[in-house]
Amino acid sequence: MMAGQAPVRILGLDPGLRHLGWGVIDAAGNRLSHVADGTIHTDSGDDLAKRLLELHEGIAAVIAQWQPDEAAVEETLSNVNPSSTLKLGMARGIALFSAAKAGLPVEQYLPMAVKKSVVGTGHADKVQVQHMVKMLLPGFQRSTADAADALAVAICHAHHAQTRRKVDNAILGIRR
């Protein structure tokens, strides 16, 4: 990490009811480093309430183990199947709730913003995103597509948060 600048630990979450990806990175200025990643799986044969509880407990365990400072969640876009969209929205709600319950500030990013931040274009495909995550986070060995997507969300947040901090510092400097 850069001297004099404390790293910010960021938890990225890629919501899904069957597979919820998570990724943790440290960011200090422009320097990013991979900390951990994984996927929380639920059994599609279980009832919805049990699956949502499993997602919450899984996210809570990740937060307890890796102690992130901030969280970022990918926003859900609607798709053709209203039932699938609703279930994905519930998983996203659990991701937001779990991070907020742990006291983390939580930001949300559209999939196109995540892709643009990581690849440079909002219309990148999953393979391009996964390749760039690997390039941006030396040491990351792709575990699952969901985990790579979650790391992309964390990277997106790191870039946006750094810009926000610079703007805030500039405004504070002007006001002094």
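To start, this report covers the structure provided alongside it. All of these numbers come straight from a predicted model, not from anything done at the bench.

## A closer look at the pairing of strand β5 (residues 106-109)
Examined bridge by bridge, strand β4 (residues 70-74) and β5 share 4 bridges and lie parallel to one another. Bridging across to β5, Glu74 finds its partner in Tyr109. Crossover handedness for the path β4 to helix α2 (residues 82-101) to β5: right-handed.

## Some words on the pattern of salt bridges
Applying the stated criterion across every chain yields a total of 4 salt bridges. The salt bridge partner of Arg9 is Asp26, with a shortest N-O separation of 2.8 Å. Taken as a pair, Arg9 in strand β1 (residues 8-14) and Asp26 in strand β2 (residues 19-28) lie far apart in primary sequence, 17 residues in all. Taking relative accessible area as the criterion, Arg9 reaches 22% and is therefore assigned partly exposed. Looking at Asp26, the relative accessible area reads 12%, which means it is buried. The shortest N-O distance in the salt bridge between Asp46 and Lys50 comes to 3.4 Å. For Asp46, a relative accessible area of 22% gives the class partly exposed. Note on Lys50: relative accessible area 40%, which makes it partly exposed.

## A closer look at helix α3 (residues 111-119)
Residues separated by three or four positions in an α-helix point in the same direction, a consequence of the helix having 3.6 residues per turn. Those residues of α3 lying buried are Pro111, Val114 and Val118. Down the axis, α3 shows its buried residues gathered within 60° of arc, on one side only. Of the residues one or two after α3, Gly120 is the one with positive phi, at around 105°.

## Looking at the nonpolar core
Core analysis: the largest hydrophobic core is formed by 22 residues, its most contacted members being Ile10, Ile25, Leu32, Val133, Leu137 and Ile155. At the level of secondary structure, the elements contributing two or more residues to this core comprise β1, β2, α3, α4 (126-136) and α5 (145-175). Per-element accounting of this core gives the leading share, 8 residues, to α5. Among all residues touching Ile10, those that are not within four sequence positions of it are Gly23, Val24, Ile25, Ala27, Pro68, Glu70, Ala154, His157 and Ala158. Counting 20 residues, the second-largest nonpolar core is a separate cluster that includes Leu20, Leu52, Ile63 and Ala99.

The rules behind each value
- Residues numbered from 1 in each chain as written.
- Predicted model: local features only at pLDDT ≥ 70, side-chain atom pairs only at ≥ 80, totals over all residues.
- Heavy atoms only, no water.
- Pairing = 2+ DSSP bridges.
- Helix = DSSP H or I, 4+ residues; strand = E, 2+ residues; numbered from the N terminus.
- Right-handed = clockwise from strand over helix to strand, strands pointing away.
- Salt bridge = Lys/Arg side-chain N within 4 Å of Asp/Glu carboxyl O.
- Buried < 20%, exposed > 50% of the residue type's maximum accessible area, 1.4 Å probe, protein only.
- Arc of directions from axis to C-beta.
- Core = buried A, V, L, I, M, F, W, Y, C linked by side-chain atoms within 4.5 Å.
- Contact = heavy atoms within 4.5 Å.

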